[in-house]
Amino acid sequence: MRRALYSVVTMRPQERHHSAPGAMVARRVVLWTALSVLIAVAAHGLRDRIRGSLVANAALQAKVRELSVARERDRIATDLRESVVRKIFDAGLDLHSTAAMIGEGPAQTRLMHGLAELEGVIRTLRESVFDLDPDADPASVASEKSKSDGL
């Protein structure tokens, strides 16, 4: 038995043609088994790398979504700050001057009530803007609130 196993492993090329069919089958089984083990080890390593890549990819996608939301909030805050709040503030100033022009009476009372509502809208918009902007400077928040209170 020992000699047969040795001959399977160390068979010379010229002896291959005259060897027993069982020895050739045994060599092929050993070869295919070794090849299967190598493929299994490689597949396992590849599977671990793919799994790690999927986890890293999911983390990166979550970070991208978070940054996209932050960027969108900043854009909305900037748009509101630069356009909407400024226009409402300007309209309030115009209405104040109009109220002073028309003098005392029911029209001025009604106009002053509308101005109070407008001031509330400005305050709500500014609070929304600064709630969206987590990096808002507290000094600018205070100055924005004092502007809206002075309207």
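Remember, predicted model here, so these are calculated numbers, not experimental data. (Residues numbered from 1 in each chain as written. Predicted model: local features only at pLDDT ≥ 70, side-chain atom pairs only at ≥ 80, totals over all residues. Heavy atoms only, no water.)

### Structural notes on the overall build of the chain
Note the cut-off: Here a helix means four or more residues in a row that DSSP labels H or I, a strand means two or more in a row labelled E, and each is numbered from the N terminus. Note on classification: 1.4 Å probe, protein chains only; a residue is buried when its accessible area is under 20% of the maximum for its type, exposed when over 50%, partly exposed between these limits. By definition, residues are in contact when any of their heavy atoms lie within 4.5 Å.
The number of helices and strands found in the chain is five helices and zero strands. Listing the helices and strands of the chain from first to last along the sequence gives α-α-α-α-α. Here the chain holds 151 residues, and 18% of them are scored as buried. Long-range pairs, those at least 24 residues apart, make up 55% of the contacts in the chain between residues at least 6 apart in sequence.

### Quick word on helix H3 (residues 21-102)
Here is the rule we go by: A helix is expected to reach a length of 1.5 Å times the quantity of its residues less one. We define the bend at each residue as the angle formed by axes fitted to the 7 residues ending at it and the 7 residues starting at it.
Taking 1.5 Å per residue, 82 residues should reach 122 Å; H3 reaches 117 Å between its end C-alpha atoms and fits that length. Considering bend angle alone, the principal kink of H3 is centred on Leu80 and spans about 40°. Every buried residue of H3 is listed here: Ala23, Ala77, Leu80, Val85, Ile88, Phe89, Gly92 and Ala99. Phi turns positive one or two residues past the end of H3, at Gly103, with a value near 75°.

### Focus: the pattern of salt bridges
Which entries qualify depends on this criterion: We count a salt bridge whenever a side-chain nitrogen from Lys or Arg sits within 4 Å of a carboxyl oxygen from Asp or Glu.
Summed over the entire model, instances satisfying the criterion amount to four salt bridges. The closest approach of N and O atoms between Asp48 and Arg51, which form a salt bridge, is 3.4 Å. Residue Asp48 and its partner Arg51 are both found in helix H3; the two are separated by three residues, about one turn of the helix. With relative accessibility at 46%, the residue Arg51 sits in the partly exposed group. As a salt-bridge pair, Glu66 and Lys63 come within 3.8 Å of each other at their nearest N and O atoms. Separated by three residues within a single helix, Glu66 and Lys63 lie in helix H3, roughly one turn from each other.

### Let's talk about the nonpolar core
A general feature of soluble globular proteins is that nonpolar side chains tend to end up buried together. The test is simple: Working definition of a nonpolar core: buried Ala, Val, Leu, Ile, Met, Phe, Trp, Tyr and Cys residues. They are joined through side-chain atoms within 4.5 Å.
In this structure, Leu80, Val85, Ile88, Phe89, Leu115, Leu118, Ile122 and Leu125 together form the largest nonpolar core, which totals eight residues. Once residues lying within four places of it in the same chain are set aside, the contact partners of Ile88 are Leu118, Val121, Ile122 and Leu125.

### Things to note about the side chain of Gln108
Turning to its location among the elements, Gln108 is positioned in helix H4 (residues 106-132). Classification of Gln108 by relative accessible area gives buried; the value is 15%.

### Observations regarding the confidence of the model for the chain
Note the cut-off: Values of pLDDT, ranging from 0 to 100, describe the predictor's confidence in every residue of the model.
Mean pLDDT over the chain stands at 76; residues scoring 70 or higher make up 72%. The least confident element of the chain is helix H1 (residues 2-9), whose mean pLDDT is 45; the most confident is H3, at 88. This stretch, residues 1-9, has a pLDDT under 50; its non-local contacts, to residues over four places away or in other chains, come to two contacts. Note on residues 133-146: pLDDT under 50 across the span, and nine contacts to partners over four residues away in sequence or across chains.

### So, a nonpolar patch on the surface
Defined as follows: Residues enter patches when they are more than 30% accessible in relative terms and free of salt bridges; like-charged ones are connected within 9 Å and nonpolar ones (Val, Leu, Ile, Met, Phe, Trp, Tyr) within 5 Å. In this description, accessible areas are obtained by the Shrake-Rupley approach with a 1.4 Å probe, and a residue is regarded as covered only by the protein chains that are shown.
A contiguous nonpolar surface patch, about 560 Å² in accessible area, is contributed by Leu31, Trp32, Leu35, Leu38 and Ile39. Topologically, Leu31 is positioned in helix H3. The class for Leu31 is exposed, based on a relative accessible area of 54%.

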